[in-house]
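# Analysis of the macromolecular model
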Amino acid sequence: KYEKVWLIFGIGSLVVFLMVLGFGAFWQGTHPQSHGVTIDPENIEAHEAFQQENLGITQVADDKYIVNIVATAFNYDLGLDEDGAQVRNLRIPKGSTVLFQVTTPDVVHGFNIAGTNVNMMVEPGYISSLETVMDKTGEYTIVCNEYCGLGHHLMFATVEVY
Ligand code: CUA
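Note on numbering: residues in each chain are counted from 1, in written sequence order. With the structure being a predicted model, the display of local features is reserved for residues of pLDDT at least 70 and the display and counting of side-chain atom pairs for 80 or more, all residues being used for whole-chain, interface and lining totals. Values reported for side chains reflect all heavy atoms of the structure, with hydrogen atoms and water molecules removed beforehand.

### Description of the pattern of salt bridges
Where charged atoms from two side chains of opposite charge come close, those side chains can pair. As a reminder, the rule being used: By convention in these notes, a salt bridge is any Lys or Arg side-chain nitrogen within 4 Å of a carboxyl oxygen on Asp or Glu. Put simply, DSSP marks the helices as runs of H or I at least four residues long and the strands as runs of E at least two long, and each gets a number from the N terminus on. Only protein chains enter the accessibility calculation, which uses a 1.4 Å probe; a residue is then buried when its area is under 20% of its type maximum, exposed when over 50%, and partly exposed in between.
Across all of its chains, the model carries 2 salt bridges by this definition. Here Lys64 makes a salt bridge to Glu131, at a shortest N to O gap of 4.0 Å. Placement of Lys64 in strand E2 (residues 64–72) and of Glu131 in strand E8 (residues 128–134) is noted, with a sequence separation of 67 residues between them. Residue classification places Glu131 among the partly exposed residues on the basis of a relative accessible area of 47%.

### Quick word on the sheet that holds strand E4 (residues 89–92)
Counted only if it meets this: Pairing between strands is defined by DSSP: at least two bridges between the two strands are required. Angles here are taken between N-to-C directions and fall from 0 to 180 degrees, while the axes themselves are lines fitted to C-alpha atoms, restricted in helices to the stretch in contact.
The strand order across the open sheet built from 5 strands is E4-E10-E9-E6-E7, with neighbouring strands paired in mixed fashion. Looking at which strands have only one partner, the edges of the open sheet turn out to be E4 and strand E7 (119–122). If you compare each strand with its neighbour and ignore which way they point, the axes differ by 20 degrees on average. The pairing of strand E6 (residues 109–113) with strand E9 (residues 138–143) spans 2 bridges and is classified as antiparallel. When the sheet's bridge partners are listed, Ile113 is paired in E9 with Ile142.

### Overview of the nonpolar core
Where a protein is soluble and globular, its nonpolar side chains tend to be buried together. Formally: Among the buried residues, those of types Ala, Val, Leu, Ile, Met, Phe, Trp, Tyr and Cys that are joined through side-chain atoms within 4.5 Å form a nonpolar core. Contacts are assigned to residue pairs that have any heavy atoms within 4.5 Å of one another.
Among the nonpolar cores identified, the biggest contains 26 residues, and Tyr76, Phe100, Phe111, Ile113, Ile142 and Val159 are the most heavily contacted of them. Residue contributions to this core peak at 4 residues, all from E2. With residues near it in sequence (within four places) discarded, Ile113 still touches Phe100, Val118, Tyr140, Thr141, Ile142 and Val159. Membership of the second largest hydrophobic core comes to 7 residues, among which are Ile39, Ile44, Ala49 and Val70.

Okay, structure coming up:
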């Protein structure tokens, strides 16, 4: 009889434990790191960082860079190069500290620089930001890891750390 009570108690605690764990993961996974920094998704250009001329990479100190990106279905907007073409590749000197700031006007996207610790969810209405040191040379691919529609798999850009 007592064994049954303990069994139920044991299973009960396990369920509660798993629920807490699951909820924690859910909560973390669904809120951008910068949670609290809001932006009007209908008018992201009202925010200086996301005006067309400020998109892409900007050097702010000797070894410090800011990268502003607008994720849309199905593109990462890194601004335009001097020829007016879409920038698809970021070049960053090894050892640089880089602040990534990403937002979106449409739906939830992912922002994952494969092979690095940069992995954010990008939600309309929020600015997702993450500062990191790019200390390994190589070619990295920025991928969207949140399903955002038919062209989801077409969303990518590259980062070259040299
Ligand atoms: Cu954007 Cu998937």
